[in-house]
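So you can see what is in the structure, the chains are spelled out below.
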Amino acid sequence: MKIKRPVVIFILGVSGVGKSTIGNLLSKEFSFPFFDGDDYHSKKNKDKMANGQSLNDEDRYEWLIHLNKLAIKQLEQKSCIIACSGLKEKYRNLLSKGIQTQVKWILLSGNYDLILERLKKRKGHFMPTSLLKSQFETLEEPVEALKIDISNSPEKIIELIKEEYTNKSEFGLIGLGVMGKSLCRNLAANNFTLSFYNRHKKGVEENVALNFKKEFSELKNTLAFDDLRAFVNALQRPRKIMLMVNAGKPVDEVLDSLIPLLSKNDVIIDGGNSHYIDTNRRIEMLQKHQIYFIGAGVSGGEEGALNGPSIMPSGNKRFYKLVQPFLEIIAAKDKNGNPCCVYMGNGGSGHFVKMVHNGIEYAEMQLLAEVYFLLKQMGNNPNEIATILESWSSSTNSYLLNITIEILRKKEEDGWLIDSILDVSENKGTGYWATVAMAELGVPSTMIPTALFARYISSFKKERIEMSKAYGVKTNNLIIDNEDLLKAYQLARIVNHHQGFKLLHQASLSHNWNLNLSEIARIWTNGCIIRSTLMEQLSTILKKNNNILLNEKIVVLVKKLKPSLNKIVAQSILEEIPIPCLSEAINYLNAFSVAKCSANLIQAQRDYFGAHSYKRIDDPSGKNYHTHWKNKNYD
Ligand code: 6PG
C-alpha cells in the first residue's frame with residue numbers, strides 16, 4: 001500500500017457477505033493486523049442475535065465505540081483492517097470518529113439469495129439466517145465506500161482492492177495554475193496520495209504536470225497526467241477531484257470532458273471563484289449523473305493555498321463528507337487549532353460566501369487605499385506612511401494592513417515601487433457579482449459597490465486627467481490627526497464587516513441556507529485575505545447577534561470612534577480629496593441611525609406621478625392610500 005500515513009480499512013456489509021474471509025486475506029496481502037468486529041460483541045448482544053432478535057442502535061452503540069477505540073489504538077502504530085457490518089451512516093460516523101482522514105471503507109455487496117445460501121452453509125456463528133432480512137433493511141449504503149461485488153472470487157476481490165489502494169491515488173486535482181500547484185503541494189505534504197492533471201496545449205501548455213512533479217521533492221510519490229482518462233482511472237473510487245481552473249466557461253468545459261469518464265458517487269470540488277448561480281446549475285446537472293458537486297470558496301492566494309487556505313464548501317452534505325477530511329487537513333487552523341474550513345450549506349452557498357468575502361476584501365483594500373492617499377496628501381513618503389500604519393497594527397492588525405506596509409516599503413533604484421505603479425485597478429468579477437446580488441436581495445451593503453465603483457472610476461484614467469485640468473482639485477492644505485485617521489479607519493472597517501455579514505444573513509434567509517455567521521467569521525480568522533483581529537472578535541460577537549452594530553460593546557466603541565470619522569470625512573471633502581468608502585461608512589451609519597427618515601416624501605412623489613399609493617403612520621393596519629395631488633394653483 002502506497003499511503004504513507006497509517007490507515008484503518010473497514011470492511012462493511014451485511015452478515016454473511018464474507019467480511020472475515022476478505023479481511024483475513026487482505027491482512028496477509030498488506031501485512032496489516034485483522035480484527036473481526038463480531039469478536040467484540042458483548043455476550044448480551046450475541047445472545048440477543050442468537051435468539052433471532054436483531055440489534056437496535058442502543059445495543060450497537062458500545063460495540064461501535066469499542067471498535068473506534070480499537071482503530072485509534074492501532075493507528076498509533078500501524079494500519080489495520082477491521083470487519084464490521086457498519087450498516088448505518090451514524091454507525092460509520094462512530095467508527096471513524098476522530099480518525100476521518102485515516103479511514104478507508106470497503107463495502108462487500110451481493111444479492112439477498114446469494115448471501116442467504118452462504119449463511120446457511122456457515123457453521124458455529126451466533127447470527128441466525130432469519131436476521132439477514134433485517135440487516136438488508138437496516139443497510140444505508142455507504143456512498144463513501146469502494147463497493148465490491150461478492151460474486152467475484154475472494155482472490156479477485158483481493159486483487160481489486162489491491163489495485164485500488166496500491167496503484168491509485170486518494171485525491172485528484174485538475175488545473176495547475178498558481179493556486180492548483182500550491183494546493184497539490186499542500187495535499188502531498190499532508191501525506192495524501194495524489195494525482196494531478198493539466199491539459200496539453202501544443203506550444204502553450206506542454207508537460208505542465210510532469211515538469212511540476214519534477215520541481216518539488218514533496219511530489220515524489222504523486223502521479224502526473226496530461227491525459228484526462230488516465231488521470232481519472234488513477235483515482236480511488238468514489239473519486240474525489242478538485243478543479244482549480246478559471247471560473248466561467250473553463251469549468252463547464254472540464255465538466256463536459258469529465259462526466260463520461262466518472263462513476264456514480266464520484267465527487268467534484270470546484271475550488272475556483274465561481275459564480276454561485278453557476279454552482280447551483282452545475283450541482284443540478286451533475287446530480288442527474290449521480291455525480292456530486294461541491295462548490296468551495298478558497299481564499300488565501302498562493303501562500304494560503306500552500307500553507308493553509310480558508311475554505312468555504314457547500315453542496316450535498318452527505319457527499320461533502322467524502323472530501324471533508326482532505327479539505328480540513330489542508331486548511332489553515334484558527335487560534336484553537338480548528339480547521340478554517342466548515343460546511344456552509346446546500347447549493348452554491350459556499351461560493352456566495354466567498355463572493356461576499358471578496359466584497360469585504362474590496363472595501364478593506366479601498367479603505368487602506370484612501371488612508372494611504374490621505375497620508376500622502378499630508379506630505380508623507382511611502383516609508384513614512386508605512387511607519388504610521390505599522391504603529392496601528394498593535395490595535396488594528398490585519399493581513400491586508402501588513403501587506404500594505406510591506407508594499408509601501410518596497411524600494412526601486414530611484415525610489416519606491418508604489419510610486420511607479422499605474423493608478424488603474426482591475427477586478428475579476430466577484431465584487432461585481434456581490435453588488436448584483438445585494439441589489440437583487442435588497443440589501444444595502446453599500447461599501448462593496450462603493451469600492452467596486454472606485455476601481456471603475458480609476459479605470460477612466462484619461463478622463464480623470466482631463467477632469468483634473470478642468471476642475472483643478474486642490475489637495476495641499478490637508479492637516480489631519482493620525483489618531484483621528486486611525487479611529488476613522490477602525491469605524492469604517494466595523495461598518496464594512498457589518499454590511500458583509502448583513503448580506504450573508506439576508507441571503508441565508510432568502511435561500512434557506514442556514515448560514516452560521518459566527519463560524520464563517522471563525523474560518524476567516526486565518527488563511528484568508530481578510531483575516532484580522534477584528535474578525536476574531538466578530539466570531540464571538542456573531543454567536544449572539546447577527547447585527548454587529550447592535551452589539552453592546554460595539555455600540556460603545558462606535559460612539560467613541562464616530563467623531564473622528566466625521567472629522568476625517570468633513571476635512572477630506574473640504575479639501576476635495578476622494579474618500580468614497582470612508583464617507584460611505586459614515587453615511588450608512590447615519591442613515592441607519594435615523595428612526596424617521598425622508599422616505600415619506602419619496603412615497604408621496606411616487607403616488608403623485610404613478611398612483612403607487614402610500615401607507616399612513618396613523619393607520620397601523622398597513623392600508624394603502626392614494627391622493628389626488630394636483631393643486632390647481634400650481635397648474
Ligand atoms: C482570495 C482572493 C482571491 C483573488 C481575488 C481577486 O480570497 O484569495 O480574493 O480570490 O485574489 O479573486 O479579485 P479581484 O481580481 O476581483 O480583485
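Scroll up to find the structure.
Residues numbered from 1 in each chain as written. Predicted model: local features only at pLDDT ≥ 70, side-chain atom pairs only at ≥ 80, totals over all residues. Heavy atoms only, no water.

### Things to note about the site of the ligand
Part 1: Inspection of the region around the ligand gives 14 residues, with S299, K354, E361, Y362 and K428 positioned closest.
Part 2: Between the ligand and G300 there is a distance of 2.9 Å, counted from an oxygen atom to a backbone nitrogen or oxygen.
Part 3: In this structure, K428 approaches the ligand through a main-chain N or O atom, which is 2.7 Å from an oxygen atom.
Part 4: Contact with the protein chains hides 79% of the accessible area of the ligand, taken as 410 Å² for the molecule alone.
Part 5: When residues of the shell around the ligand are sorted by domain, at least three fall in each of domain 2 (171-347) and domain 3 (354-592). (Near = heavy atom within 4 Å. Polar contact = N/O pair within 3.5 Å; in protein donor to acceptor, adjacent residues only side chain to side chain. Areas by Shrake-Rupley, 256 points an atom, 1.4 Å probe, with all protein chains shown as cover. Domains from an automatic or database assignment.)

### Thoughts on the sheet that holds strand β1 (residues 8-12)
Part 1: Across the sheet, which stays open at both edges, the five strands sit in the order β2-β3-β1-β4-β5 with parallel pairing between neighbours. With one partner strand each, in any of the chains shown, β2 (34-36) and β5 (146-149) form the two edges of the open sheet. Strand-to-strand, the axes of this sheet are offset by a mean angle of 20°, without reference to chain direction.
Part 2: Where β2 lies against strand β3 (residues 80-83), three bridges are found, and the strand directions are parallel. Bridge assignment links F35 to a residue of β3, and that residue is I82.
Part 3: Set on the sheet, helix α1 (residues 19-30) makes contact with β1, β2, β3 and β4 (103-109); between it and β1 the angle comes to about 155°.
Part 4: The strands that helix α3 (residues 57-75) touches are β1, β2 and β3; relative to β3, the one it contacts most, it runs at about 170°. (Pairing = 2+ DSSP bridges. Helix = DSSP H or I, 4+ residues; strand = E, 2+ residues; numbered from the N terminus. Axes fitted to C-alpha atoms, helices over the stretch in contact; angles between N-to-C directions. Contact = heavy atoms within 4.5 Å.)

### Quick word on the nonpolar core
Part 1: With 83 residues, the main nonpolar core has F352, F501, L504 and W524 as its most contacted residues.
Part 2: For L504, the contacting residues outside a window of four places in its chain are F352, V353, V356, L515, L517, I520 and W524.
Part 3: Core analysis: the next-biggest nonpolar cluster, separate from the first, contains 47 residues, L75, L95, I157 and Y165 among them. (Core = buried A, V, L, I, M, F, W, Y, C linked by side-chain atoms within 4.5 Å. Buried < 20%, exposed > 50% of the residue type's maximum accessible area, 1.4 Å probe, protein only.)

### Structural notes on the packing of α1 against helix α7 (residues 154-167)
Part 1: Packing of α1 against α7 brings their axes to within 10 Å, and their N-to-C directions diverge by 50°. Taken as axis vectors, α1 and α7 run oblique relative to one another. When you trace α1 past α7, the crossing you get is right-handed. Of the residues in α7, those touching α1 at I22, L25, L26, E29 and F30 are P154, I157, I158, I161, K162, Y165 and T166.
Part 2: Here the contact of α1 with α7 is built from residues that sort into nine nonpolar, one polar and two charged. (Parallel < 35°, antiparallel > 145°, perpendicular 65-115°, else oblique. Left-handed = near helix turned anticlockwise from the far one by under 90°. Nonpolar A, V, L, I, M, F, W, Y, C, P; charged D, E, K, R; others polar.)

### Observations regarding a nonpolar patch on the surface
Part 1: Among the surface-exposed residues, Y432, V436, F453, Y456 and F460 lie close enough to one another that they form a single nonpolar patch of about 460 Å² accessible area.
Part 2: Taken together, the elements giving at least two residues each to the nonpolar patch come down to α18 (430-441) and α19 (447-459).
Part 3: Relative to the assigned elements, V436 resides in helix α18.
Part 4: Relative accessible area serves as the criterion here: at 32%, V436 is assigned to the partly exposed category. (Patch = residues over 30% accessible without salt bridge, like charges linked within 9 Å, V, L, I, M, F, W, Y side chains within 5 Å. Salt bridge = Lys/Arg side-chain N within 4 Å of Asp/Glu carboxyl O.)

### A few points about the packing of aromatic side chains
Part 1: Evaluation of the coordinates by the stated rule reveals 20 aromatic pairs.
Part 2: Ring geometry for Y197 and F231: centres 5.9 Å apart, planes at 40°, overall tilted. On the criterion of sequence distance, the pair formed by Y197 in strand β7 (residues 194-197) and F231 in helix α10 (residues 228-233) is long-range, its members being 34 residues apart.
Part 3: Consider the rings of W392 and Y489, whose centres lie 5.5 Å apart with planes at 35°: the pair is tilted. Taken together, the residues W392 in helix α16 (residues 382-392) and Y489 in helix α21 (residues 482-511) connect sequence positions 97 residues apart.
Part 4: Residue classification places W392 among the buried positions, given a relative accessible area of 2%.
Part 5: Judged by its relative accessible area of 0%, Y489 is buried.
Part 6: Aromatic rings pair up to connect F171, F192 and F326 into one cluster.
Part 7: The cationic tip of R616 hangs over the ring face of Y625; the distance from NZ or CZ to the ring centre is 5.9 Å. (Phe/Tyr/Trp six-rings, centres within 6.5 Å; stacked < 30°, edge-to-face > 60°. Lys NZ or Arg CZ within 6 Å of the ring centre and 35° of its normal.)

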